[in-house]
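Here is what each chain is made of, one letter per residue.
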Amino acid sequence: MESVTFTLNGVPRTVAVEPGLMLLDVLRDVLHLTGTKRGCDNGTCGACTVVVNGKAVKSCTFPLAKADGAEITTIEGLAQGEHLHPVQQALVDAGAIQCGFCTPGIVMDLYALFETQPDAPQQKIDNVLNRHLCRCTGYETIAEAAHLAQERIKETK
Ligand code: FES
Ligand code: FES
């Protein structure tokens, strides 16, 4: 067995699992945090994106062993009670959610960007959005939501 300890959404956790699992396997199948989605399972679609030590990572290709000692944030860790994070709220307000399968990954990636760089240039926002496949929206509303989120976050800084 492989024992790994990390902080997950502010709470210390230790898991003992078979060696060789990816972080996504443990989040969904061991810890039952199913907000993080499994799409392609090969690092292409971005649906499984979570934040590890402040950086957005694709958890389907992130070995659990690398998470030892890390601070991990998933989509379940963003809202404060009834209050959605500004990135989440912006996606709702812009009408950028249809089936919602891609949404948690996009939220986590934009969250990581704006946490470190609230005034991120367009190129960086584009880079984030290019990491995510959405089968439903055509991306325009998602891009609008990213801008709305950035404006709101900048106002609070
Ligand atoms: S499920 Fe990880 S990138 Fe698609
Ligand atoms: S809203 Fe359905 S995949 Fe993006």
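Owing to the predicted nature of the structure, the values given are computational and were not obtained by experimental measurement.

## Digging into the layout of surface pockets
Taken as a whole, the largest pocket encloses approximately 160 Å³ of empty space. If you go around the largest pocket, the residues you meet are G54, K55, A56, D109, A112, L113, T116, K124, N127, V128 and R131. At the level of elements, strand 4 (55–58), helix 3 (103–116) and helix 4 (122–130) are the ones that each hand at least two residues to the lining of the largest pocket. In terms of domain composition, the lining of the largest pocket takes at least three residues from each of domain 1 (2–77) and domain 2 (86–156).

## Things to note about helix 3
The terminal C-alpha atoms of helix 3 lie 20 Å apart, and with 14 residues this matches the ideal 20 Å at 1.5 Å per residue to within 8%. Among the residues of helix 3, T103, P104, G105, I106, V107, M108, D109, L110, Y111, A112, L113 and F114 are the ones counted as buried. Where helix 3 is buried, its residues contact strand 3 (49–52), strand 4, strand 5 (71–73), helix 2 (86–93), helix 4 and helix 5 (140–156).

## Topic: the domain arrangement of the chain
Segmentation of the chain into domains returns domain 1 (2–77) and domain 2 (86–156). For domain 1 versus domain 2, the separation of C-alpha centres amounts to 21 Å. Domain 1 puts 17 residues into the contact, and the matching count from domain 2 is twelve residues. Counting each side, the surface lost to burial between domain 1 and domain 2 is near 1100 Å², with a carbon and sulfur contribution of 70%. On the surface where domain 1 and domain 2 come into contact, there are zero salt bridges. Counting across the interface, domain 1 meets domain 2 through two residue pairs in polar contact (both at pLDDT 80 or more). For the side of domain 1 that touches domain 2, the elements supplying multiple residues, two or more each, are strand 3 and strand 4. Of all the elements, strand 3 adds the most residues to the side of domain 1 that touches domain 2, at three residues. For the side of domain 1 that touches domain 2, the per-class residue count stands at six nonpolar, eight polar and three charged.

## A word on empty space enclosed by the protein
This structure, assessed with the given rule, holds one cavity of 30 Å³ or more. Estimated volume of the largest cavity: approximately 30 Å³. Lining the largest cavity are A96, I97, Q98, C99, G100, C102, T103, C134, C136 and T137. When its residues are assigned to classes, the lining of the largest cavity shows six nonpolar, four polar and no charged.

## Brief notes about unusual backbone geometry
Despite not being glycine, D41 has its phi angle at roughly 65°, a positive value. Relative to the helices and strands, D41 is located in the loop between helix 1 (23–30) and strand 3. Non-glycine residue N53 carries a positive phi angle of around 50°.

## Things to note about the packing of helix 4 against helix 5
Two elements in contact, helix 4 and helix 5, have axes whose closest approach is 11 Å; the angle formed by their N-to-C orientations is 130°. With respect to helix 5, the element helix 4 is oriented oblique. Helix 5 is crossed by helix 4, and the crossing has right-handed handedness. Contact residues: Q122, I125 and L129 in helix 4; I142, A143, A146, H147 and Q150 in helix 5. Looking at the contact of helix 4 with helix 5 residue by residue, the class counts come to five nonpolar, three polar and no charged.

## Overview of the pattern of salt bridges
Inspection of the entire model under this criterion finds five salt bridges. The partner of R38 in a salt bridge is D41, and the shortest N-O contact between them spans 3.1 Å. For R38, a relative accessible area of 26% gives the class partly exposed. The class of D41 is partly exposed, set by a relative accessible area of 39%. With a closest N to O distance of 2.9 Å, D93 and R152 form a salt bridge. Taken together, the residues span a long stretch of sequence, with D93 in helix 2 and R152 in helix 5 at a distance of 59 residues. Looking at D93, the relative accessible area reads 41%, which means it is partly exposed. One network of salt bridges, with partners in common, ties together D25, D29, R38 and D41.

Rules behind the numbers
- Sequence order sets the numbering: in each chain, residues are counted from 1 along the sequence as written.
- Written order decides the labels, with chains lettered from A and ligands numbered from 1.
- Two thresholds apply to this predicted model, a pLDDT of at least 70 for residue-level local features and 80 or more for giving and counting side-chain atom pairs, whereas whole-chain, interface and lining totals are computed over all residues.
- By convention in this description, side-chain values take in all heavy atoms of the structure and omit both hydrogens and water.
- In this analysis the probe radius is 1.4 Å and the grid spacing 1 Å, with only protein atoms considered; a cavity is a set of points the probe fits into but cannot get out of, a pocket is an open set with protein on both sides within 12 Å along at least five of seven lines, and lining residues have an atom within 4 Å of a point.
- Grid points are joined across faces, edges and corners, and a volume is the space filled by probe spheres set on the points.
- Counting from the N terminus, the helices are DSSP H or I runs at least four residues long and the strands are E runs at least two residues long.
- Start and end points for every domain follow an automatic or database-based domain assignment.
- Given the number of residues in a helix, its expected span is that number minus one, multiplied by 1.5 Å.
- Relative accessibility thresholds used throughout: buried, under 20% of the residue-type maximum; exposed, over 50%; partly exposed, between the two (1.4 Å probe, protein chains only).
- Throughout, a residue-residue contact means that at least one pair of heavy atoms, one from each residue, lies within 4.5 Å.
- Simply put, the buried area is the total loss of 1.4 Å probe accessible area from both parts when two parts are fitted together.
- Every case where a carboxyl oxygen of Asp or Glu lies within 4 Å of a side-chain nitrogen of Lys or Arg is listed as a salt bridge.
- Pairing of N or O atoms within 3.5 Å defines a polar contact, subject to two protein rules: one partner must be a possible hydrogen donor and the other a possible acceptor, and residues neighboring in sequence count only if both atoms are side-chain atoms.
- Throughout, the ten residues Ala, Val, Leu, Ile, Met, Phe, Trp, Tyr, Cys and Pro are labelled nonpolar, Asp, Glu, Lys and Arg are labelled charged, and all others, Gly among them, are labelled polar.
- Here an axis means a line fitted to C-alpha atoms, over the contact stretch when the element is a helix, while the angle between two N-to-C directions is reported on a 0 to 180 degree scale.
- Oblique is the label for any angle not under 35 degrees, not over 145, and not in the 65 to 115 range, which are roughly parallel, roughly antiparallel and roughly perpendicular in turn.
- Handedness of each helix crossing follows the sense of rotation of the near helix against the far helix: counterclockwise by less than a right angle gives left-handed, clockwise gives right-handed.

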